[in-house]
Structures are given as structure tokens and as C-alpha cells.
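Now for the letters of each chain:
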Amino acid sequence: MKTTSRAVAQASAAEDGGRAPSARRTVDGYLSAPFPWYGLDEAFTGRRWLMQVGATADGAVEHGSIGHGDEPSVRSECTAGTGREAKEKFAVAVTVAANPVRRSADGTGLLEATSVSSAAWLAGVGLLSFTWPGQMDHTLRDDWLEQQTETAWVLADDLAGPDWSTLSLPVDGVPTPFRYRESEFGWVLAGSTQAGVHVGAYGRGMSAYGLGFAVVKDISAYAGA
């Protein structure tokens, strides 16, 4: 999961589009996943929308994201050091298939195992992709993003560390422990489910406290939302 260049490319693509392109909304990738997708539970009554899936070289879907609330733009008004609250209120749920170390499709190497840390890192990078400190020159963004992405990986690799706290949230109605952290850019959390997947989430303008997660019953209903 530690692929800094990939994360930088994703963030740059989001920046170029302002808001994510409609092509990412295709439901096909979600439908081809061999695992259930998670989103906020029925207590959330706002807008829901598809984001994008991540797949291996042979096309096997390994993770993906579902947005809730306002669709964020890269140039958020919630910038480092301003103390202003974001006008955009959103929460994104990231579902990651729980996979062990396994051989690649071409048999030439091993694919990294996924874990709660994988979900935490993807959520951390997801939040960064919609973050841009207001005083930063455009030409410095890639360097800043790469540095922050590496920091997100270090934090995700140490979920027992002091930067994280424990937050209990319902998953399919069952109280479930999550690792949680806040920053000036928003919040990130990650945990595991009883359905064989890890769930990460990130957001801004919406409190993580009081959120709940549940299996999405009909992912196709989110297409074009």
C-alpha cells in the first residue's frame, strides 16, 4: 500500500479536475469487487456518491471509497493555520479487502498484505488529496504532498502510537474499536469489520463522533448521485 508516487498522482489528478471527474463514478469496479462495501449507516440521510476503486495490475479490485455529504474540492477553505472551519462538510468511507501476503498474478513477486494500517494510510492520503495550505505556492504542492504522504504512512504504521486515540463506533450495529486522529486538515480513522474487510474514513466539517458504518446494500444506487 505504500506507493507515494501513486498517491501524488491521484492528488494531482483531483487538483486538475477541481472536483473529481464523472468517469470515476462508474459502478462497474465496485460491482466486480469480491467483498462488501461499507458506507455510513442509515443515520446519515445526506447525499452519497461514488469515488474510485483501486485494483491490482490484473484488475482485481482491492479497495475503494464512497463519499458522504458535500463533494470536496482540492482548494478547500479549511487551510493550515487559519482556524477557519471548512464550508464543505464531508466524510469518506474507505473499504479495503483483508488480504494476506500473496503471489502476484504473473507469479513474479508477492503482493503486500492488507491490514488496518492499510486502511489508515489510504484514508490519510485521501484527506491530503483534498488539502492545500492556503499560503503555499502551486509549484511547491507536489513536494509538500509527497512529504505529507510519507508522514501519513509513518503514522498509519504505528496505530498504537501516541498520535492515535481509540474511538468506538457501530459497524453493522456492533460497537467496534477504531484508531482515530485529528489534524488541522481534518480527521482520519481506521478499524476492522466482521465481514472480512478493513474500514478507513476521513472527513472535515462533520464530526467523526457519532458516525456509524454499515454494509452498502445496493452500491449501484450511488452511481450518478
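About the cut-offs
Residues numbered from 1 in each chain as written. Predicted model: local features only at pLDDT ≥ 70, side-chain atom pairs only at ≥ 80, totals over all residues. Heavy atoms only, no water. Helix = DSSP H or I, 4+ residues; strand = E, 2+ residues; numbered from the N terminus. Buried < 20%, exposed > 50% of the residue type's maximum accessible area, 1.4 Å probe, protein only. Contact = heavy atoms within 4.5 Å. Areas by Shrake-Rupley, 256 points an atom, 1.4 Å probe, with all protein chains shown as cover. Expected span 1.5 Å × (residues − 1). Polar contact = N/O pair within 3.5 Å; in protein donor to acceptor, adjacent residues only side chain to side chain. Salt bridge = Lys/Arg side-chain N within 4 Å of Asp/Glu carboxyl O. Core = buried A, V, L, I, M, F, W, Y, C linked by side-chain atoms within 4.5 Å. Phe/Tyr/Trp six-rings, centres within 6.5 Å; stacked < 30°, edge-to-face > 60°.

Asker: What is the right way to read the overall build of the protein chain from this model?
Answerer: A tally of helices and strands in the protein chain yields four helices and eleven strands. Within the protein chain, buried positions represent 53% of all 225 residues. Taking contacts inside the protein chain between residues at least 6 apart in sequence as the whole, the part at least 24 apart equals 63%. With the model as given, the accessible surface of the protein chain reaches about 10,500 Å², and the carbon-plus-sulfur share is 52%.

Asker: What should I look at first to understand unusual backbone geometry in this one?
Answerer: Across the chain, the bulk of peptide bonds are trans and the bulk of non-glycine residues have phi less than zero. For D172, which is not a glycine, the phi torsion comes out positive at approximately 55 degrees. Position of D172 among the secondary structure elements: in the loop between β7 (165–171) and β8 (174–183). Among the residues examined, D172 registers a relative accessible area of 42% and is labelled partly exposed.

Asker: What am I meant to see in helix α4 (residues 141–156) here?
Answerer: The first and last C-alpha atoms of α4 sit 22 Å apart over 16 residues, in line with the 22 Å expected at 1.5 Å per residue. Of all the residues in α4, the buried ones are R141, W144, L145, Q148, T149, A152, W153, L155 and A156.

Asker: What is the right way to read helix α3 (residues 116–128) from this model?
Answerer: An α-helix turns once every 3.6 residues. As a result, residues three or four positions apart point the same way. Across its 13 residues, α3 extends 19 Å between first and last C-alpha, which sits within 8% of the 18 Å expected from 1.5 Å per residue. Counting buried residues in α3 gives 13 out of 13 residues, a clear majority hidden from the surface. N-cap assignment for α3: the residue whose side-chain oxygen lies 3.2 Å from the backbone N of S117 is S115.

Asker: Could you clarify how one ought to interpret the pattern of salt bridges in this entry?
Answerer: When their charged atoms lie close together, side chains carrying opposite charge are able to pair. Here the structure, examined in full by the defined rule, presents two salt bridges. Among the salt bridges present, the one from E71 reaches R47, with a minimum N-O distance of 3.7 Å. Of this pair, E71 sits in the loop between β3 (61–69) and β4 (90–97) while R47 sits in the loop between β1 (38–40) and β2 (48–55), and the two are 24 residues apart along the sequence. For R47, a relative accessible area of 36% translates into the label partly exposed.

Asker: Where do I start with the nonpolar core in this structure?
Answerer: Nonpolar side chains tend to gather and get buried jointly when the protein is soluble and globular. Counting 59 residues, the largest nonpolar core has W37, L189, Y202, F213 and I219 as its most contacted members. It is α3 that contributes the most residues to this core, nine residues altogether. Aside from chain neighbours lying at most four places away, what touches Y202 is M51, F90, A91, V92, V94, A123, G126, L127, F130, W187 and V188.

Asker: Explain the packing of aromatic side chains to me, please; I cannot follow it from the model alone.
Answerer: One pair of aromatic rings is described through two measures. These are the centre distance and the angle between the planes. This structure, assessed with the given rule, holds seven aromatic pairs. Taking the centre distance of 6.4 Å and the plane angle of 80 degrees together, the rings of F90 and Y202 count as edge-to-face. One end of the pair, F90, is in strand β4; the other, Y202, is in strand β10 (residues 197–204), and 112 residues separate them in sequence. For Y202, a relative accessible area of 3% puts it in the buried group. Here the aromatic residues Y30, F35 and W37 are joined through ring pairs into a cluster of three or more.

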